[in-house]
Amino acid sequence: MRRPFHPLDLFAVEELLSDEERLVRDTVRGFVTDRVLPIIEKHFRDGTFPRHLVPEMARLGLLGSNLHGYGCAGLNSVAYGLIMQELERGDSGLRSFVSVQGALCMYPIHAFGSDEQKTRWLPRMAAGEVIGCFGLTEPDAGSDPASMKTRAVRRGPHYVIDGAKAWITNGSIADVVVAWARCDDGSIRGFLVERDTPGFSARDHEGKFSLRASVTSELVFQECAVPASNLLPGTTGLKSALLCLNQARYGIAWGGLGSALAVYDEALAYAKNRIVFGKPVASFQLQQEKLVFMASEITKGQLLALRLGRLKDEGKATPAQISLGKRNNVWVARECARLAREILGAVGIADEFQAGRHMANIESVYTYEGTHDIQTLIIGEAITGYPAFS
Ligand code: TGC
Ligand code: FAD
């Protein structure tokens, strides 16, 4: 029987959701409780991605769920965000998979692709039959993607791509890469590179202590000739890649809440049951302060994410607002994971509890999609008018 799950809702955010949004959230919550939580500890331990869940997530309509047409669910931004929250309540790696597939691969094809590219790729990606990845970061260009070295040179009917990408989620399991490269005219544009293209190879990063249930790879393009029709025609510069990041950062603002809720729930339950000095841990003022910090920050994060989602649906969310959402809610998740681990005492370092896994995962989330520092500088520029990146 499914364990009833009572989400933290100190400010009645539930009342601000529509019936459809609640239904979507509860469906994904059920999926994560039944299908993810029982297996995720082993996948994290073994360093394997639970790939068998991809068709199940596709059947639930989770892949590219906020896109319209081409077999996508066409949900609003809040329902999409709640999906990210519930997936990350399970594991950041699972949310990463869905973020990359939807926000970083399907979105650019949808936004910048030709009709032929959309028809060819999107329905199969929504169905989970084709897996995508997004190659922007390079070994020497992370926070500053404009300094990328990957080049695409036009030769007759082909573009020839040379370069390398690093830390790419889904890299070695992807059927198609959305690869960003600098062209002859100096502009950065997006290309679709299929996995069997001669000169393309992918190798997984070994020794990760974080996001162990997710695939992270290095990609190499050696004289990789792709048909000119594989250029995403609507990409016009780095701005096109940054527009994709807005989509993914938005999802992470909700995902962070999911991770924070998971560890808060676990810490509260443990603190109520664990007896020390003859009393439950939850009855001590020092421990209550930690739980109150977590509950307050999660509540503020819920209000922030919901408002951001409503603004996004009205077409008004700015990149700086999205950065603020990502920055704040991932910080909340990071603080909550650390405090939850602390409340659990020794068992907090064992992987039969979730806190340690979330604590390790959130280090990646804090860094990817623009580090916490980069989000700070984006917001700093928006409020002062001074870019302080260099
Ligand atoms: P800059 O000159 O500021 O901007 C170039 C053009 O882009 C515009 N722009 C944006 N447009 C839409 N959305 C945004 N967020 C935008 N940010 C900037 C800008 O207005 C300009 O337009 P125009 O018309 O004037 O040309 O560019 P810059 O080179 O100075 O860089 C700015 C900076 C540092 C903020 C940017 O490079 C950045 O965001 N760096 C962080 C890189 C990053 O986030 N990488 C993420 C890689 S993907 C990933 O991590 C996936 S994890 C997936 C998972 O597993 O979930
Ligand atoms: P660097 O840019 O080298 O930064 C190092 C440090 O310097 C950081 O603390 C940073 O905040 C700080 N710093 C940088 N610039 C400034 C500045 N101007 N002022 C002050 N401090 C600064 N990328 C993709 O393209 N696709 C993916 O699918 C993807 N998946 C990922 C999955 C995982 C698990 C991880 C860990 C990363 C992934 N990334 C992906 C890469 C990720 O986006 C980059 O790691 C991130 O953008 C930071 O780049 P970097 O690691 O090169 O750090």
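Visitor: Provide a residue-level description of unusual backbone geometry, including the pertinent values.
Guide: A positive phi angle, close to 50 degrees, is found at A12, a residue other than glycine. Its location among the elements puts A12 in the segment before α1 (19-46). Phi is positive for E223, which is not a glycine, with a value near 50 degrees. For E223, a relative accessible area of 49% gives the class partly exposed.

Visitor: Describe the packing of aromatic side chains, and please don't skip the residues or the numbers.
Guide: Tallied over the entire structure, the rule returns eight aromatic pairs. Residues F49 and F97 carry aromatic rings whose centres are separated by 5.1 Å and whose planes lie at 25 degrees to one another, so their mutual orientation is stacked. Here F49 is found in the loop between α1 and α2 (53-59), whereas its partner F97 is found in helix α4 (residues 92-112), with 48 residues between them in sequence. By the burial criterion, F49 is buried, and F97 matches it. On the numbers, 6.2 Å between centres and 75 degrees between planes, the contact of F293 with W331 is edge-to-face. Here F293 is found in helix α7 (residues 285-313), whereas its partner W331 is found in helix α8 (residues 319-343), with 38 residues between them in sequence. Its end group placed over the ring of Y250, K312 keeps NZ or CZ at 5.1 Å from the ring centre. Between the NZ or CZ atom of R334 and the centre of the ring of Y366, over which it lies, the distance is 3.8 Å.

Visitor: If you had to explain a nonpolar patch on the surface to someone new, which residues and values would you point to?
Guide: Taken together, the side chains of L10, F11, L16 and L303 make up a nonpolar region of the molecular surface, amounting to roughly 410 Å² of accessible area. Checked against the element boundaries, L303 lands in helix α7. A relative accessible area of 33% means that L303 is categorised as partly exposed.

Visitor: Go over the packing of α4 against helix α5 (residues 115-126) with me, naming the residues and quoting the values.
Guide: Direction vectors running N to C along α4 and α5 enclose 160 degrees, while the axes themselves pass 9 Å from each other. Classified by the angle their axes make, α4 and α5 are roughly antiparallel. Taken as a pair, α4 and α5 cross one another with a handedness that is left-handed. Each of Q101, C105, M106, I109 and H110 in α4 lies in contact with α5, whose residues at this interface are Q117, K118, W121, L122, M125 and A126.

Visitor: I'd like a rundown of α1, residues and numbers included.
Guide: Between its first and last C-alpha atoms α1 spans 39 Å; for 28 residues at 1.5 Å apiece the expected length is 40 Å, and the two agree. Backbone geometry just downstream of α1 places G47 in the positive-phi region, at approximately 70 degrees.

Visitor: Explain the packing of helix α3 (residues 77-90) against α4 to me, using residue names and the numbers behind them.
Guide: Orientation of α3 relative to α4, taken along the N-to-C sense of each, is 150 degrees, at an axis distance of 7 Å. Where α3 approaches α4, its residues Y80, M84, L87 and E88 are matched on the opposing element by S92, L94, R95, V98, S99 and A103. Residue classes in the contact of α3 with α4 are distributed as six nonpolar, two polar and two charged.

Visitor: Break down the environment of W167 for me, citing the residues and quoting the values.
Guide: The topology assignment puts W167 in strand β3 (residues 158-169). The exposed category is assigned to W167, whose relative accessible area is 53%. Separated by 47 residues in the primary sequence, W167 and S214 place their C-alpha atoms 11 Å from one another. Not counting the four nearest positions on each side in its chain, W167 is found in contact with H205, T216 and S217.

Visitor: Go over the nonpolar core with me, naming the residues and quoting the values.
Guide: One finds L87, F97, W180, W254, M294 and I298 to be the most contacted residues of the largest nonpolar core, which totals 96 residues. Here this core gets 16 residues from one element, more than from any other, and that element is helix α6 (residues 238-273). Those residues in contact with F97 that lie beyond four places of it in its chain are F49, V54, M57, L63, I131, N170 and I173.

Visitor: Please give an account of the domain arrangement of the chain that cites residues and values.
Guide: Annotation of the chain at the domain level lists domain 1 (13-126), domain 2 (132-236) and domain 3 (239-384). Our count for the domain 1 to domain 2 interface comes out at one salt bridge. A salt bridge links E194 to R120; the shortest N-O distance between them is 3.2 Å. Connecting domain 1 to domain 2 are eight residue pairs in polar contact (both at pLDDT 80 or more). Looking at the side of domain 1 that touches domain 2, the elements that each hand over two or more residues are α1, α4 and α5. The element best represented in the side of domain 1 that touches domain 2 is α4, accounting for 11 residues.

Criteria and cut-off values
Residues numbered from 1 in each chain as written. Chains lettered and ligands numbered in written order. Predicted model: local features only at pLDDT ≥ 70, side-chain atom pairs only at ≥ 80, totals over all residues. Heavy atoms only, no water. Helix = DSSP H or I, 4+ residues; strand = E, 2+ residues; numbered from the N terminus. Buried < 20%, exposed > 50% of the residue type's maximum accessible area, 1.4 Å probe, protein only. Phe/Tyr/Trp six-rings, centres within 6.5 Å; stacked < 30°, edge-to-face > 60°. Lys NZ or Arg CZ within 6 Å of the ring centre and 35° of its normal. Patch = residues over 30% accessible without salt bridge, like charges linked within 9 Å, V, L, I, M, F, W, Y side chains within 5 Å. Areas by Shrake-Rupley, 256 points an atom, 1.4 Å probe, with all protein chains shown as cover. Salt bridge = Lys/Arg side-chain N within 4 Å of Asp/Glu carboxyl O. Axes fitted to C-alpha atoms, helices over the stretch in contact; angles between N-to-C directions. Parallel < 35°, antiparallel > 145°, perpendicular 65-115°, else oblique. Left-handed = near helix turned anticlockwise from the far one by under 90°. Contact = heavy atoms within 4.5 Å. Expected span 1.5 Å × (residues − 1). Nonpolar A, V, L, I, M, F, W, Y, C, P; charged D, E, K, R; others polar. Core = buried A, V, L, I, M, F, W, Y, C linked by side-chain atoms within 4.5 Å. Domains from an automatic or database assignment. Polar contact = N/O pair within 3.5 Å; in protein donor to acceptor, adjacent residues only side chain to side chain.

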